[in-house]
Amino acid sequence: MKRTCLYDKHVALGALMQPFAGYDMPIQYSSIIEEHQAVRQHCGVFDVSHMGEVLVEGADAERFVNHIFTNDVRGIEAGKVLYGMMCYPDGGTVDDLLVYKFADEGFWLVINAANIEKDVAWIRKNAEGFDVRITDESDYTAQIAVQGPESERIMEEVLGIPCSELVFYTFKRLDDLVVSRTGYTGEDGFEIYGETPFITHLWDLLMEAGVQPCGLGCRDTLRFEVGLPLYGDELSEQISPVMSGLSMFCKLDKTEFIGKEALLKQKTEGTERRIIGIELEDRAIPRHGYPVLAEGKEIGEVTTGYHSISTDKSVCMALIDSAYAKIGTSVEIQIRKKTFPGVVVKKRFYEKNYKK
């Protein structure tokens, strides 16, 4: 089991530690609800050093990244971040990721912790014929995420990092740090990447200032409420970006990229199943894997579900037959031996609050 550079800090704070993606990670410190509300209302900080980082450099860097990435990096300015996916030829998802443009011949790919080995192998396999160098920087890059409506003030006053000029999905490099206005919570916030000593020092400053440490438990409740996907739940080898409602991040009018033909067909002809939102009439909590029913038959299953902390409603995302995916459609969710009525709704259950 791997440990991040902040492991001892988490243990000293009394965090509940559990395995996640091969790492021993903090799930919660005080309570998921308290940490969730801190991010929604004030500011919280996450250790996300388990995430992966891959540097792509070389004369063909832009062309290669565009070949493996569904979004379009052609001509974007240095300092810009794009979200998108890497796909298999059949449209299934290798991973969803962020692409940072360092320079015309330098791009940084931030990938999910559980997929690092698979992703790096995929990237290297598909680099054949391109003039690029692939460097896996995951093992020596640490990361924290400072998230919430007070995050800009905390960044500048507590950490001494000027950041007010950054808008959503932009970044800058400061000495040995990469600082981006990005996150996975639906709130304004920043992600800071650097080597272990820098990130450990920043964490200590935040703790001394009384910023709420947050675990992966509330990271999931926060991202879920604003409809952000989790790889393995709302995206997978079997769930394409089109099925997950993420076509906006698939630039099907650009030159060829891996999976384009399959995604274009799905977009044009539709898919058999789709990821949708469901709101229950009851307070029962739908969990991953629970069956979704309609007209007396099973039509899909829950991918992620909670009693939403911010809205006080029982809601979930689910992969269901497209015939039942229209908003307003009545469905049921089977929870143990009982079924609970619900209705299909938008899968963004809480509005995002980003700085544009």
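Report on the accompanying structure. (Residues numbered from 1 in each chain as written. Predicted model: local features only at pLDDT ≥ 70, side-chain atom pairs only at ≥ 80, totals over all residues. Heavy atoms only, no water.)

1. So, the overall build of the chain
Consideration 1: Within the chain, the secondary structure is distributed over 8 helices and 19 strands.
Consideration 2: Computed over the C-alpha atoms, the radius of gyration of the chain is 20 Å, within 12% of the 21 Å expected from 2.2 N^0.38 for a compact globule of 356 residues.
Consideration 3: Seen through its principal axes, the chain has C-alpha atoms that stretch 60 × 50 × 40 Å.
Consideration 4: Across the 356 residues that make up the chain, the buried fraction comes to 58%.
Consideration 5: Within the chain, contacts between residues at least 6 apart in sequence are counted, and of these 67% link residues at least 24 apart.
Consideration 6: Counting only carbon and sulfur atoms, one obtains 49% of the accessible surface of the chain, whose full area is about 15,400 Å².
Consideration 7: Across the chain, the mean location of the 39 positive side-chain charges is 5 Å away from that of the 56 negative side-chain charges. (Helix = DSSP H or I, 4+ residues; strand = E, 2+ residues; numbered from the N terminus. Rg over C-alpha atoms; globule rule 2.2 N^0.38 Å. Buried < 20%, exposed > 50% of the residue type's maximum accessible area, 1.4 Å probe, protein only. Contact = heavy atoms within 4.5 Å. Areas by Shrake-Rupley, 256 points an atom, 1.4 Å probe, with all protein chains shown as cover. Lys, Arg positive; Asp, Glu negative; His and termini not counted. Charge placed at Lys NZ, Arg CZ, Asp CG, Glu CD.)

2. Side note on the packing of helix α2 (residues 32-41) against helix α7 (residues 216-225)
Two measures define how a pair of helices packs: the angle their axes make with one another and the distance between the axes.
Consideration 1: Axis separation between α2 and α7 bottoms out at 8 Å; the angle between their running directions is 55 degrees. When the interaxial angle is binned, α2 and α7 end up oblique. Pair α2 / α7 crosses with right-handed handedness. Contacts between α2 and α7 involve I32, E35, H36, V39 and R40 on the former and, on the latter, G217, C218, T221, L222 and E225.
Consideration 2: Here the residues of the contact of α2 with α7 sort into 4 nonpolar, 3 polar and 3 charged. (Axes fitted to C-alpha atoms, helices over the stretch in contact; angles between N-to-C directions. Parallel < 35°, antiparallel > 145°, perpendicular 65-115°, else oblique. Left-handed = near helix turned anticlockwise from the far one by under 90°. Nonpolar A, V, L, I, M, F, W, Y, C, P; charged D, E, K, R; others polar.)

3. Notes on the environment of F198
Consideration 1: Tracing the chain through its elements places F198 in helix α6 (residues 196-208).
Consideration 2: Its relative accessible area of 34% is what places F198 among the partly exposed residues.
Consideration 3: Remark: the alpha-carbon pair of F198 and D176, spanning 22 residues in sequence, is separated by 8.2 Å.
Consideration 4: When near neighbours in sequence (up to four residues on either side) are disregarded, F198 contacts D176 and L177.

4. Topic: helix α8 (residues 260-269)
Consideration 1: What α8 keeps buried is the set K260, A262, L263 and Q266. Down the axis of α8, the smallest arc covering the buried residues is 165 degrees, so these residues share one side. Opposite the packed face of α8, turned more than 90 degrees from it, sit the exposed residues E261, T268 and E269.
Consideration 2: Along its buried surface, α8 packs onto β5 (81-87). (Arc of directions from axis to C-beta.)

5. Structural notes on the pattern of salt bridges
Consideration 1: All told, the structure shown has 19 salt bridges when counted by the stated rule.
Consideration 2: K101 is the salt-bridge partner of D104, the closest N and O atoms lying 3.0 Å from each other.
Consideration 3: Salt-bridge contacts for R153 lead to E157; the nearest nitrogen and oxygen are separated by 3.3 Å. Within this pair, R153 and its partner E157 are both found in helix α5 (residues 151-157), separated by 4 residues, close to a single helical turn. (Salt bridge = Lys/Arg side-chain N within 4 Å of Asp/Glu carboxyl O.)

6. Some details on empty space enclosed by the protein
Where empty space is left can be seen by rolling a probe of water-molecule size over the atoms.
Consideration 1: Throughout the structure, instances matching the rule amount to 1 cavity of 30 Å³ or more.
Consideration 2: Reported here for the largest cavity is a volume of approximately 40 Å³.
Consideration 3: Here the lining of the largest cavity is composed, by residue class, of 3 nonpolar, 3 polar and 2 charged. (1 Å grid on protein atoms, 1.4 Å probe; cavity = no way out; pocket = protein on both sides within 12 Å on 5 of 7 lines; lining within 4 Å. Points joined across faces, edges and corners; volume = space filled by probe spheres on them.)

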